[in-house]
Amino acid sequence: MATEPRTGSGTQTDALPFFRPGGSYVDQKLLRRQHLTEKTVGYLLLACAIVSVLTTIGIVVVLLAQAVNFFADVSIVDFLTGTTWTALFQNQQQWGVLPLVSATLMVTLLSMLVAMPIGLMSAIFLSEYASPRTRAVLKPVLELLAGIPTIIYGFFALTFITPSILKVVWPQTSVYNVLAASIAVGIMIVPLIASLSEDAIRSVPSAMREGAYALGATKLEVSTRIIVPAALSGIVASFMLAASRAVGETMIVALAAGSKAQMVTNPLQPGETMTGYIVQVVSGDAARGSTIYYSLFAVGLLLFVMTLALNIFSHWFVRRFREEYE
Amino acid sequence: MSSPPILPKSTSLSDIGNLSRRQRIASIGKVVFLAATLLAVAALAVLLWYIFQRGWGWLSWGLLTNPPSRKPEKAGLSIAISGTLWIISLTLLVAFPMGVASAIFLEEYAPKNRWTRLLQINISNLAGVPSVVYGLLGLGIFVQWLDLGRVVLAGALTMALLSLPVIIISSQEALKAIPWSLREAAYGVGATRWQVTASHVLPAAVPGILTGVILAVSRAIGETAPLLVAGAAGFVTSKPSGFMDSYTTIPIQLYNWMSRPQTEFRDLAAAGIIVLLVLLISMNLIAIIVRQRFSSRTRW
């Protein structure tokens, strides 16, 4: 690109600086202009990067400021320990968040039960067993699962999983139930676990595999006793991230799990998660400035704290327990 | 190697000797792993089969050109489609330059110190924040505090903040893939940092950056929850014609249909899902084509 061997900016100067009598070898004006450009661009780029910091600050400030309004009306102890949530009953509102939390945890637990074995076993299959050709077909298919909008999974759970699978097995299943939503969330997070675990498994050096094979181990023994333990930190981190995704998943539970806030003990019954409650309120018309409006942000704050804790824990886990090879 | 490999703990001597048994177990293991993978693939197949067989009969031009209606036969996605186009183009306009600029800052400009590391951790944490929380952010800041109301601008800014970390991270990956020798060659002939970035690094990173942006956009098209919270309206009768108009998007229109009890509306929703899927798949195909066209040209 730069054909001139001088300062290389491509801008033409009047005379070659080399022949200016008594002058410097460097074009000072050009240098100053370049310096100015450098500084301006640097600050512009920094300003863009700062936006992401402002986003974080914005999230924390908005959630806290509005939650404070909520806690002016409701005691924080009642909120965190109460087991009755009747936000939408006009005259007898009770604000115990535990029913929402119980549904969220139930969905997370059940969806992880679906996704952990399938995701991890797919990861092992793709990295240890599959031929390059099989892998080239299967991996994009799994990634396709991750690209499907969650509202489609919600529709699938509500209109297929519940009536065509769960009702057949357990006739007493309600139309809206936690289990169908959990299965759909589970399918949704399989690719996340599979691809992150596969990355962890692939970063195990092949010398370890070969060493085990040389000692006469079978492929299964190598996979389950050498590879998986060696990649454990990455695998657990992928589980954490997937759990955090399940906690924050919104449209699937809003469509399929129902909007009845109750302590969830039976997954065949309806239950309302924290995210489900947020959708329920914004789908109606909560007056700005009412306690119900502020409760959105209190529930959102709790949700944010839970997912953030899982994310931070996952990063910490990788740093703490990663086996460094070579 | 810093630590010894984890030794198999439960292997007893008698077990080691029994080779045929161990091989039999190993062959069962392979089948189980394959079955798990195929189960995930089967879930996808059943999902697609179900959506198509339910929605196929409801596909028509009217679905694309009709406004929403109380009668399922007359209801269509036209207003939602134009809402999605408005939101997505505005989101892209904000998030694309900003995301790429942040990535350039982090990869090419920022000194390797504590602040940069904090910035990086902050971005990866933002990528893990549930999308519904971004909706609350948009509701609190754009709709309420700046008092924009439930309009296109508020929704698009919310989506821009949501897509930003994804675009930053994928653009960073694209920039990281450019070898240092390219930069050093440019520095060596006296180019300034910005000259190196703008004329050498960025052009080489374009395919990677574009792929990431297209994937981020296709994710944004399917997002429902943040816009539901930050103010898309359930029932809009006219297309938005400016930043300050109310709007609805395809997924929100679909959610509206799905939550009605009549089966006709659910059939219609299935047909709408096909439209949405076709849109997303074509965007992903574009991403793949972009990646392959450009990357076949350069080999580092």
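Residues numbered from 1 in each chain as written. Chains lettered and ligands numbered in written order. Predicted model: local features only at pLDDT ≥ 70, side-chain atom pairs only at ≥ 80, totals over all residues.

What follows concerns the overall build of chain B. When helices and strands are tallied, chain B shows 12 helices and 0 strands. Scanning chain B from its N terminus toward the C terminus, one meets helices and strands in the order α-α-α-α-α-α-α-α-α-α-α-α. Here the C-alpha radius of gyration of chain B, 25 Å, is well above what a compact globule of 300 residues would show, namely 19 Å. Taking the principal axes of the C-alpha coordinates as reference, chain B spans close to 70 × 65 × 40 Å. When each of the 300 residues of chain B is scored for burial, the buried share is 43%. For chain B, restricting intrachain contacts to residue pairs at least 6 apart in sequence, the fraction spanning at least 24 positions comes to 75%. (Helix = DSSP H or I, 4+ residues; strand = E, 2+ residues; numbered from the N terminus. Rg over C-alpha atoms; globule rule 2.2 N^0.38 Å. Buried ≥ 20, exposed ≤ 12 C-beta atoms within 10 Å, placed from the backbone. Contact = placed C-beta atoms within 7 Å.)

When helices and strands are tallied, chain A shows 12 helices and 0 strands. For chain A, the sequential pattern of α-helices and β-strands runs α-α-α-α-α-α-α-α-α-α-α-α. Whereas a compact globule of 326 residues would reach a radius of gyration of roughly 20 Å, chain A reaches 28 Å, over 25% beyond that. C-alpha atoms of chain A, sized along the principal axes, occupy 95 × 70 × 35 Å. In chain A, which comprises 326 residues, the proportion classed as buried is 47%. Long-range contacts, defined as pairs at least 24 residues apart, comprise 70% of the intrachain contacts of chain A with a sequence gap of at least 6.

Here we take up unusual backbone geometry. Backbone geometry places D147(B), a non-glycine residue, at a positive phi of 55°. Looking at the element boundaries, D147(B) is found in the loop between α6 (131-145) and α7 (152-176).

The subject of this paragraph is helix α11 (residues 274-283) of chain A. In terms of residue burial, α11(A) counts as a mostly covered element, since 7 of its 10 residues are buried. Along α11(A), the residues classified as buried are M274(A), T275(A), G276(A), Y277(A), I278(A), V279(A) and V282(A). Residues of α11(A) that are buried make contact with α3 (98-129), α9 (232-248), α10 (251-256) and α12 (291-321) of chain A together with α6 and α10 (225-229) of chain B.

Okay, the interface of chain A and chain B next. With 81 residues of chain A at the contact, the number on the chain B side is 75 residues. For the side of chain A that touches chain B, the element with the most residues is helix α1 (residues 28-73) of chain A, which contributes 20 residues.

With that settled, consider the packing of α1(A) against α7(B). Viewed as axis vectors pointing N to C, α1(A) and α7(B) meet at an angle of 130°, and their least axial separation amounts to 11 Å. Our classification of the angle between α1(A) and α7(B) gives oblique. When the axes of α1(A) and α7(B) are compared, the crossing they make is left-handed. Here V51(A), S52(A) and T55(A) of α1(A) lie close against α7(B), whose contacting residues are L161(B), L164(B), P165(B) and I168(B). Residues belonging to the contact of α1(A) with α7(B) are distributed by class as follows: 5 nonpolar, 2 polar and no charged. (Axes fitted to C-alpha atoms, helices over the stretch in contact; angles between N-to-C directions. Parallel < 35°, antiparallel > 145°, perpendicular 65-115°, else oblique. Left-handed = near helix turned anticlockwise from the far one by under 90°. Nonpolar A, V, L, I, M, F, W, Y, C, P; charged D, E, K, R; others polar.)

Right, let's get into the environment of A35(B). All names here are of chain B. Considering the arrangement of structural elements, one finds A35 in helix α2 (residues 19-55). Classification of A35 by C-beta neighbours within 10 Å gives partly exposed; the count is 13. The sequence separation of A35 and V143 amounts to 108 residues, and the corresponding C-alpha distance is 49 Å.

Before going further, it helps to examine the environment of K139(A). Topologically, K139(A) is positioned in helix α4 (residues 132-147). Taking the C-alpha atoms as reference points, K139(A) and S195(A), separated by 56 residues in sequence, lie 8.4 Å from one another.

All names here are of chain B. Structurally, the position occupied by N66 is in the loop between α3 (61-65) and α4 (78-109). Residue classification places N66 among the partly exposed residues on the basis of 16 C-beta atoms within 10 Å. Distance from N66 to L77, taken between C-alpha atoms, is 6.2 Å for residues 11 residues apart in sequence. Not counting residues up to four positions away in its chain, the partners in contact with N66 are K74, A75, G76 and S78.

One can describe the packing of α1(A) onto helix α5 (residues 114-127) of chain B by two numbers: an axis separation of 10 Å at closest approach and a directional angle of 60°. Taken together, α1(A) and α5(B) sit at an angle that is classed as oblique. Seen along the crossing, α1(A) lies across α5(B) with a hand that is left-handed. Counting all contacts with α1(A), which are made through A49(A), S52(A), V53(A), T55(A) and T56(A), the residues of α5(B) involved are L119(B), N122(B), I123(B) and L126(B).

Before going further, it helps to examine the nonpolar core. Within soluble globular proteins, side chains that are nonpolar generally end up buried alongside one another. Ranked by size, the top nonpolar core spans 187 residues in total, and within it A157(A), A181(A), A184(A), I193(A), I252(A) and A256(A) carry the most contacts. Those residues within four positions of A256(A) in sequence are excluded, and the remaining contacts are G154(A), A157(A), L158(A), T162(A), Y176(A), A180(A), A181(A) and A184(A). (Core = buried A, V, L, I, M, F, W, Y, C linked by C-beta atoms within 7 Å.)

Time to look at the confidence of the model for chain A. In this model, chain A carries a mean pLDDT of 87, and residues with pLDDT of at least 70 account for 91%. In the predicted structure, residues 1-12 of chain A sits below a pLDDT of 50 and forms 15 contacts with residues beyond four places in sequence or in another chain. (pLDDT = per-residue confidence, 0-100.)

A separate point is the confidence of the model for chain B. Averaged over chain B, the pLDDT score is 87; the fraction of residues at 70 or greater is 92%. Per-element mean pLDDT across chain B ranges from 57 in helix α1 (residues 13-17) of chain B up to 94 in α7(B).

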